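# Structural overview for review
Each chain, letter by letter, is given below.
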Amino acid sequence: MAVPLTVDGTVVGVLTAFDGEVSAALVRTVSEVGRWVSGQLELAELDASRRRAMEAEMRALRAQISPHFVYNALTTIASFVRTNPKRARELLLDFADFSRYALRRAHDFTTLADELTCVDRYLLLERARFGDKLRFSMQVAPEVLPVPVPFLCLQPLVENAIKHGMAGRGGPGEVRVVVRDAGPEAHITVEDDGAGMDPECARRMLDEDPAREGSGIGLANVDLRMRQIYGDGYGLVVETALGAGTKVRLRVPKTQLSSL
């Protein structure tokens, strides 16, 4: 007795059973087993499609690393080549470390420690560009460093804080990154003391199509990925008001994910 194995209506194989005689019990058994195998094959195909989609999303994500940041970083490094070669070499190594991390062939997840190292390299490069006008601090609870987080989920928040926090400022601006241990979760805040924005404008930023945010990865991309991975309760929370700076909150479950 032969039963076709199908995936999305297409025959991909045949399940064959042999016996001395064909009985009703054999027909039912082979038919049920055939349906079960077809179901498992469809699940496997869906899982493979999901992996291919996520890999494509990660390739697109890497392609969205802000070209303005790359240009500004290289221009800053070039400005030190004659006046301070040692400083130029240090910044070039920082840029290489950042690029190696951002463009590597990575899983969908990394550790919070690696993500914070990427942020640290990014901040060093931006500090070289802005000089004393940019102040930054990082406060991290060491026990959350091994927590798995989505790849490139923090650097876009810091980039946004610098972009909006330093815009139009005559004086210095400050960016603060705080990572706390909150039991089953890690709580992350990225805050700037810039001009802030109307809360409705912040809401529209999160509602935008991530592919249309302009240069860089952007808040909408991070917000969408967090909701897709952990559920709607784990989207970004933006606290802001005109003249009051901006604070972005991010919650990450400590659950060990098989994708890591």
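Up top is the structure these notes are about.
Within each chain, residues carry numbers counting from 1 in the order of the written sequence. Where local features are concerned, this predicted model is filtered to residues with pLDDT of at least 70; where side-chain atom pairs are given and counted, the filter is 80 or more; whole-chain, interface and lining totals use all residues. Side-chain numbers come from the whole structure's heavy atoms, not from hydrogens or water.

## Quick notes on the packing of helix α4 (residues 112-130) against helix α5 (residues 155-166)
In a packed pair of helices, the relevant descriptors are the angle between the two axes and the axis-to-axis distance. Axes, fitted as lines to C-alpha atoms, cover a helix only where it is in contact. Angles between the N-to-C directions of the axes lie from 0 to 180 degrees. Numbering of helices and strands starts at the N terminus; helices are DSSP runs of H or I of at least 4 residues and strands are runs of E of at least 2. It is the contact of α4 with α5, at a shortest axis distance of 9 Å, that shows an interaxial angle of 25°. Relative to α5, α4 is oriented roughly parallel. Of the two elements, α4 crosses α5, and the hand of that crossing is right-handed. Facing α4, whose interface residues are Glu 115, Cys 118, Val 119, Tyr 122, Leu 123, Glu 126 and Phe 130, α5 presents Gln 155, Val 158, Glu 159, Ile 162 and Met 166. Its residues assigned to classes, the contact of α4 with α5 shows eight nonpolar, one polar and three charged. For classification purposes, angles smaller than 35 degrees are called roughly parallel, those larger than 145 roughly antiparallel, those between 65 and 115 roughly perpendicular, and all remaining angles oblique. Should the near helix be turned anticlockwise from the far one by less than a right angle, the crossing is termed left-handed; should it be turned clockwise, right-handed. Contacts: residue pairs with any heavy atoms within 4.5 Å of one another. Here the term charged refers only to Asp, Glu, Lys and Arg, the term nonpolar to Ala, Val, Leu, Ile, Met, Phe, Trp, Tyr, Cys and Pro, and the term polar to all other amino acids, Gly among them.

## Remarks on the environment of Ala 44
Locating Ala 44 in the fold gives a position in helix α1 (residues 24-63). The exposure class assigned to Ala 44 is partly exposed, which follows from its relative accessible area of 44%. Burial classification: accessible surface area is computed with a 1.4 Å probe over protein chains only, and a residue below 20% of its type maximum counts as buried, one above 50% as exposed, and the rest as partly exposed.

## Re the nonpolar core
Ranked by size, the top nonpolar core spans 51 residues in total, and within it Leu 154, Leu 157 and Leu 250 carry the most contacts. Considering each element in turn, this core owes the most residues, eight residues, to α4. With near-sequence residues (within four places) excluded, Leu 157 lies in contact with Val 190, Leu 219, Val 222, Leu 236, Val 248 and Leu 250. Working definition of a nonpolar core: buried Ala, Val, Leu, Ile, Met, Phe, Trp, Tyr and Cys residues. They are joined through side-chain atoms within 4.5 Å.

## A few points about the sheet that holds strand β8 (residues 237-240)
With mixed pairing, the five strands of this open sheet are ordered in space as β4-β6-β7-β9-β8. Two strands in the sheet have a free side with no partner beyond their single neighbour: β4 (134-140) and β8. Shown here is a sheet whose adjacent strand axes are inclined to one another by a mean of 15°, direction ignored. Here, a strand pair is defined by DSSP locating no fewer than two bridges between the strands. Sheet topology note: the strand β6 (residues 173-182)/strand β7 (residues 185-192) ladder contains eight bridges and is antiparallel. In the sheet register, Val 178 faces β7, and the bridge partner there is Thr 189. Against the sheet, α5 engages β4, β6, β7 and β9 (246-253), with an angle of about 20° to β7.

## Comments concerning the pattern of salt bridges
Salt bridge, as used here: a side-chain nitrogen of Lys or Arg that lies within 4 Å of a carboxyl oxygen of Asp or Glu. Counted under the stated rule, the structure contains 16 salt bridges. In this structure, Arg 129 engages Glu 126 in a salt bridge whose closest nitrogen and oxygen atoms are separated by 3.6 Å. With Arg 129 and Glu 126 both in helix α4 and three residues apart, this pair spans about one turn of that helix. Assessed through its relative accessible area of 38%, Arg 129 is described here as partly exposed. Exposure remark for Glu 126: the relative accessible area of 4% places this residue in the buried category. Among the charged side chains, a salt-bridge network with shared partners connects Asp 94, Asp 97, Arg 100, Asp 120 and Arg 121.

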